[in-house]
Amino acid sequence: MNKSFFITTPIYYVNGDPHVGTAYTTIACDTLARYKKIMGYDVYFLTGTDEHGQKVEETAREKGRSPIEWCDIMVPRFKAMWKLLNIDYDDFIRTTEERHIKSVQKIMNLVWERGDIYLGEYEGKYCVSCETFVPENQIVNDDCCPSCGKKLRLIKEESYFFRMSKYQDRLLQYIDEHPDFILPRSKRNEVIQFVKQGLQDLSISRNTFTWGIPITFAPGHITYVWFDALVNYITAVGYENNPEMFQKYWTTGQHCNMVGKDIIRFHAIIWPCILFAAGEEPPTSVIAHGWWTSEGDKMSKSKGNVVDPYEETMIYGVDAFRYYMLREVQFGNDGDYSTDSIITRFNAELSNDLGNLLNRSLGMYHKYFDGVITESHTTEPIEDEIYGLWEECLKEYEENMDIAQFSKALESIWRFIGRLNKYIDETTPWVLAKDASKKERLAKVMNTLVNALYKIALAIYPFMPETGQKIRNQLGFTSDIKGDRIENIKGWELLSTGHKLGNPEPIFPRLDREAVKKLKKAKNFDPDLEIENAIDIEDFKKVSFRVVEILEAGPVEGSNKLLKFKVNFGDHVRQIVSGIAKYYPNPAELVGKKVLAVANLKVVKLKGELSQGMFLCTEDKKNGIRLIEAGSDIELDAFIS
Ligand code: MSP
């Protein structure tokens, strides 16, 4: 196998905006892609959008758009989210692109020519939300989908079938011979059991709607959206038009499909069978993750508890969000997203463990050696122990990253970070610094720390790209960490004598729990909100608001602040004096405008002029004071409430 690594996210349906679930898969892929790059692999990272099918067609219709118009609106929203989350993909595929349509038609024709597609009739239940056919024995709760719980539709139509049953034994053998085909390994049995129950042939065409890829050998039929979608993975690496690329990333390289547990069967069963039928290799691995709940509850728009990645990154920063998602849950298991736990991890692991280690180490290096790397020779057993521990932690890290066990990989790095913090307490550099004869010993301790930080920066970079770079910058390096490789961080003299360290700056300033909660409340509806100086409705009713029309506007003699107005109250005319001259240098422009006024203020005299009411205004930094206007068609006796 060559040293190439092709990694894919599922392609996302464009019926809604990206959310924490789609962000999770994409962050996990980005982390794995960045990791493989630093391991020296030639990486190709693909994401994209799944644009055909009934679900997207119906959403577009609800929004009053054609399907392609709707897709064109949604695609930039996905791209913007991935940019925000620092997702460094190589290609973004859309299933409506020509290259993909050709690729689907090619594989479809091939499987047809090989005799693995036949015409039949599908009669049964279909879930539009999951875009899946649901066999009778899996239907739950009176006609509902076992996966999403939504109501099923009965469909009866002529359909082409893929002879999937034929590949059952071959698939079982493949799974058996490739222990890492389904990751985490705990998901493997689930798939084996399912296949052993017996694979049925799969309906792969629809003819009762048109938003899909036409089947060339079957006019009037379009490709079933999952068949279409799965093929995206090979389209993007040149199945149809670039044999060299296809050879490199698919036939001979490692190629992994990352998915959520809900779609593992499509990827670990249907997808390899399609590839077998087309004479191609199945994916090297299908990596499945669990689902997130929010504060202990299933996320749903109606409950208002959907975690919004945009909002979360505004509060914690992109790196802390990425870190939390991959650290909180063992990859493959379900997890719960909670404000309490993200704050706890932020403060304990990022701010305390990592942030303090960096800050203390750099601070002391500056204090004792002006931040200039100083030669040191003799190591003591404690350094040998630290060096040994790094080797051990790095090995664990790599073993876990290779099987997408992100949280365990991070645990190993944090075990090392914890040991380093203890190392500082044990070696007490501040005591060594007081004794001139211990200068070299002090330099050794400090060098161990900055070298360790140099290594840690690269190990955590796939998870937290900006943080890895920041640590390197603070260590006095300006090169892009993205181009670094694990093999370059061997040894303990990575910072050469005379090198000048940068200045320490806090990378994760501690979060105040109450302040974060207040911020979150500010963005959400708060049932316990306390309103200052509240009045009751009877107080409000005492004020008489009116829509009035300005008949005349002009200066007040002897004042450069005031303007006086003749104002039509509908059944009578009043004079109002207002201190808005500065904001309306040309008062005549106000004549004819309808504005809001308070009608029952006590009459006052300003600069000798009567004022029989008061205009309502807004005042802000950008515009200064502006009269609040009522629409020109609002009547003067309108009731204001
Ligand atoms: N279009 C198909 C995939 C086709 S791939 C050939 C699809 N799209 S999707 O937009 O529904 O994508 C869903 C991805 O987001 C899945 O991997 C799914 O598991 C993940 N998640 C959606 N909600 C989730 C959570 N609450 N938690 C974690 N992941 C979840 O399926």
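Calculation notes
By convention here, each chain's residues receive numbers from 1 onward along its written sequence. Note on the predicted model: pLDDT of at least 70 is required for a residue's local features to be given, and 80 or more for side-chain atom pairs to be given and counted; whole-chain, interface and lining totals, by contrast, use all residues. With hydrogens and water set aside, each side-chain value is computed from the structure's full complement of heavy atoms. Numbering of helices and strands starts at the N terminus; helices are DSSP runs of H or I of at least 4 residues and strands are runs of E of at least 2. The contact criterion used throughout is that any non-hydrogen atoms of two residues lie within 4.5 Å. Here the open area of atoms and residues is found with the Shrake-Rupley method and a 1.4 Å probe, where only the protein chains shown may cover a residue. In summary, the charge assignment counts Lys and Arg as positive and Asp and Glu as negative, without counting His or the chain termini. Where a charge lies is defined by one atom per residue type, namely NZ (Lys), CZ (Arg), CG (Asp) and CD (Glu). Identification of polar contacts relies on pairs of N or O atoms within 3.5 Å, with a donor-acceptor requirement for protein atoms, meaning one able to donate a hydrogen and the other able to accept it, and with residues adjacent in sequence counted only if both atoms are side-chain atoms. In the sections that follow, a salt bridge refers to a side-chain nitrogen of Lys or Arg positioned within 4 Å of a carboxyl oxygen of Asp or Glu. Exposure is judged per residue with a 1.4 Å probe applied to protein chains only, and the accessible area is read against the type maximum: over 50% gives exposed, under 20% gives buried, and values in between give partly exposed. Pairing between strands requires that DSSP locate at least two bridges from one strand to the other. Look down the strands so they point away from you; if going from the first strand over the helix to the second traces a clockwise path, that crossover is right-handed. Nonpolar side chains (Val, Leu, Ile, Met, Phe, Trp, Tyr) within 5 Å and like charges within 9 Å form the patches, drawn only from residues with over 30% relative accessible area and no salt bridge. Segmentation of the chain into domains, including their bounds, is taken from an automatic or database domain assignment. To get an axis, a line is fitted to the C-alpha atoms, and for a helix only the part in contact is used. The angle between two axes follows their N-to-C directions and goes from 0 to 180 degrees. Any angle that falls under 35 degrees is termed roughly parallel, while one over 145 is termed roughly antiparallel, one within 65 to 115 roughly perpendicular, and all others oblique. Take the far helix as the reference: if the near one is turned anticlockwise from it by less than a right angle, the crossing is left-handed, and if turned clockwise, right-handed. Only centres within 6.5 Å qualify two rings of Phe, Tyr or Trp (six-membered ring in Trp) as a pair; their planes then separate them into stacked at under 30 degrees, edge-to-face at over 60, and tilted for everything else. When the NZ atom of lysine or the CZ atom of arginine is within 6 Å of a ring's centre and also within 35 degrees of its normal, the charge is said to sit over that ring.

Caption draft 1: Highlighting the overall build of the protein. Counting its regular elements, the protein contains 20 helices and 24 strands. Dimensions of the protein, computed from the C-alpha atoms along their principal axes, are close to 95 × 90 × 45 Å. In the protein, of all internal contacts separated by at least 6 residues, the share reaching a separation of at least 24 is 74%. Carbon and sulfur atoms provide 49% of the accessible area of the protein, an area that totals close to 29,800 Å². Placing the 80 positive and 93 negative side-chain charges of the protein at their respective mean positions leaves the two points 4 Å apart.

Caption draft 2: Region of interest: the side chain of Ser294. Relative to the assigned elements, Ser294 resides in strand β14 (residues 292-294). A distance of 2.8 Å separates a polar side-chain atom of Ser294 from the backbone oxygen of Asn305. Ser294 has contacts with Met299, Asn305, Val307, Asp336 and Tyr337, leaving out every residue within four places of it along the chain.

Caption draft 3: Geometry of the pattern of salt bridges. Scanning the entire structure with this criterion turns up 38 salt bridges. For Glu380, the salt bridge is made with Arg441, and the minimal N-O distance between the two is 3.5 Å. Of this pair, Glu380 sits in the loop between α13 (339-369) and α14 (381-402) while Arg441 sits in helix α17 (residues 439-460), and the two are 61 residues apart along the sequence. For Glu380, a relative accessible area of 37% puts it in the partly exposed group. A salt bridge links Glu426 to Lys422; its shortest N-O distance comes to 3.9 Å. With a gap of four residues between them, Glu426 and Lys422 both fall in helix α15 (residues 406-427), about one helical turn apart. Residue class for Glu426 comes out partly exposed when judged on its relative accessible area of 41%. Salt bridges here are not isolated pairs; linked through shared partners, they connect Glu385, Arg419, Lys422 and Glu426.

Caption draft 4: Representation of the pairing of strand β12 (residues 254-260) in the model. Here β12 lies mainly inside the structure; seven of its seven residues are buried. Relative to β12, strand β1 (residues 4-8) is paired through four bridges, and the arrangement is parallel. Bridge pairing in β12 links Thr8 to Asn257. Of the strand pairs in this sheet, β12 and strand β13 (residues 285-289) are connected by five bridges, and their pairing is parallel. Directly across from Val259, in β13, lies its bridge partner Ala288. Assessed by its sense of winding, the connection that carries the chain from β12 through helix α10 (residues 264-277) to β13 is right-handed.

Caption draft 5: Just a nonpolar patch on the surface, in detail. A grouping of Ile535, Ile537 and Phe540 is seen on the molecular surface, where their side chains present a nonpolar patch of about 300 Å² in accessible area. Checked against the element boundaries, Ile537 lands in helix α20 (residues 537-541).

Caption draft 6: A look at the domain arrangement of the protein. Along its sequence, the protein is organised into domain 1 (4-289), domain 2 (339-489) and domain 3 (537-627). A separation of 65 Å is found between the C-alpha centroids of domain 1 and domain 3.

Caption draft 7: Quick look at the packing of α15 against α17. Look at α15 against α17: their axes get within 11 Å of each other, and the N-to-C directions meet at 165 degrees. Classed by the angle they form, the pair α15 and α17 counts as roughly antiparallel. Two packed elements cross with a definite hand, and for α15 against α17 that hand is left-handed. Only Arg441, Lys444, Val445, Thr448, Leu449, Ala452, Ile456, Ala459 and Ile460 of α17 make contact with α15, whose side of the interface consists of Ile413, Trp414, Phe416, Ile417, Leu420, Tyr423, Ile424 and Thr427.

Caption draft 8: Geometry of the packing of aromatic side chains. Within the structure shown, the criterion is met by 42 aromatic pairs. Ring geometry for Phe6 versus Tyr249: centroids 6.4 Å apart, planes at 50 degrees, classification tilted. Remark: Tyr249 occurs in helix α9 (residues 243-251) and Phe6 occurs in strand β1; sequence separation between them is 243 residues. For the residue pair Phe6 and Tyr249, the accessibility class agrees, reading buried in each case. Taking 6.1 Å as the distance between ring centres and 10 degrees as the angle between the ring planes, the aromatic pair formed by Tyr12 and Phe78 counts as stacked. With Tyr12 in strand β2 (residues 12-13) and Phe78 in helix α3 (residues 67-84), this residue pair connects regions lying 66 residues apart in the sequence. You can call Phe78 buried: its relative accessible area is 1%. Among the aromatic residues, ring-to-ring pairing joins Phe6, Tyr44, Tyr233, Tyr239, Phe246, Tyr249, Trp250 and Trp271 into one connected group. A cation over an aromatic ring shows up here: Lys79 above the ring of Phe92, its NZ or CZ 4.9 Å from the ring centre.

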